[in-house]
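Survey of secondary and tertiary structure
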Amino acid sequence: MSNSILSWTVAAVLLFWAVGAYNRLVRLRAEAYTAFAGVEAEFTKQVELVSKYLPGAEFTQPAPLEAESTFWAGLQGAARQFAASLAAVRSRPLDARRMAALNAACDVLVMAWETAQRDDAHDLAGPRLPDSLLARRSQLAAQTHAAIEQFNAAVVRYNQAIAQFPAVLLAWLFGFEPGLGLAASLGDMAPAR
């Protein structure tokens, strides 16, 4: 009789531990998803900055805005690519492949901004980017950097939790995959002054 009570007690303890550990993993994953929502909101503002506030043809005189031949088109194309990568990550922000694609799209967007800001790009294509646009971009970059730090911290906590023994067994059993954080360059979309 005492062996039966002991085995039931051990089984109950293991069950309660497993439920608690599983709930912790779910909570940490949810925290990472919530933190990504903040990052997504900031990234959306940066995409809108390009799509809504990029100077139109009337501001690029004497050279009009021609979608095929200017650095403006490169910046707008990079923003569209970034928006598409962001949409792909939205549903699964801890998917390492999707996050790697978002990191790559961000690198392209950062390079496009740098090209649009270079002095030599304006010699033939028209005037420099408006100061108000650059100031707004700097402000958004600071907000984005803070959101990225929060997301990366949440991903680190989640990854540490699924790597700890014996929770690693539950992570394997229930398909908790390690997440990938965002590259630091994503927060560095601020213009160089």
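This structure is a prediction, so every number in the text was calculated from the model and none was measured.

1. Focus: the pattern of salt bridges
Taken as a whole, this structure holds six salt bridges when the rule is applied. Glu 31 is the salt-bridge partner of Arg 27, the closest N and O atoms lying 3.0 Å from each other. Of the two residues, Arg 27 and Glu 31 both sit in helix H1 (residues 2–53), four residues apart, roughly one turn of that helix. The partly exposed category is assigned to Arg 27, whose relative accessible area is 43%. Between Glu 31 and Arg 157 there is a salt bridge whose closest N-O contact spans 3.7 Å. Separated by 126 residues along the polypeptide, Glu 31 in helix H1 and Arg 157 in helix H5 (residues 131–163) bring together distant segments of the chain. For Arg 157, a relative accessible area of 38% corresponds to the partly exposed category. One network of salt bridges, in which partners are shared, links Arg 27, Glu 31 and Arg 157.

2. A closer look at helix H3 (residues 96–117)
For H3, spanning 22 residues, the distance from its first C-alpha to its last is 31 Å, which sits close to the expected 32 Å at 1.5 Å a residue. Of the positions making up H3, those classed as buried are Met 99, Leu 102, Asn 103, Ala 105, Cys 106, Leu 109, Val 110, Ala 112, Trp 113, Ala 116 and Gln 117. Backbone nitrogen of Arg 97 and a side-chain oxygen of the N-cap are separated by 3.0 Å at the start of H3; the cap is Asp 95.

3. Overview of the side chain of Asp 95
Along the polypeptide, Asp 95 turns up in the loop between helix H2 (71–90) and H3. Engagement of the side chain of Asp 95 in a polar contact is seen with the backbone nitrogen of Arg 97, the distance being 3.0 Å.

4. Observations concerning unusual backbone geometry
Each neighbour pair has its own omega, and for Phe 165 with Pro 166 the value is 5°, a cis peptide bond. In this fold, Pro 166 is placed in the loop between H5 and helix H6 (167–174).

5. Digging into the packing of H3 against H5
Between H3 and H5, the shortest axis-to-axis distance is 14 Å and the interhelical angle comes to 160°. Of the possible angle classes, the one that applies to H3 and H5 is roughly antiparallel. When you trace H3 past H5, the crossing you get is left-handed. Residues Met 99, Trp 113 and Gln 117 of H3 lie in contact with H5, whose contacting residues are Leu 133, Leu 134, Arg 137 and Phe 151.

Quick notes on the rules
- Residues numbered from 1 in each chain as written.
- Predicted model: local features only at pLDDT ≥ 70, side-chain atom pairs only at ≥ 80, totals over all residues.
- Heavy atoms only, no water.
- Salt bridge = Lys/Arg side-chain N within 4 Å of Asp/Glu carboxyl O.
- Helix = DSSP H or I, 4+ residues; strand = E, 2+ residues; numbered from the N terminus.
- Buried < 20%, exposed > 50% of the residue type's maximum accessible area, 1.4 Å probe, protein only.
- Expected span 1.5 Å × (residues − 1).
- Polar contact = N/O pair within 3.5 Å; in protein donor to acceptor, adjacent residues only side chain to side chain.
- Axes fitted to C-alpha atoms, helices over the stretch in contact; angles between N-to-C directions.
- Parallel < 35°, antiparallel > 145°, perpendicular 65-115°, else oblique.
- Left-handed = near helix turned anticlockwise from the far one by under 90°.
- Contact = heavy atoms within 4.5 Å.

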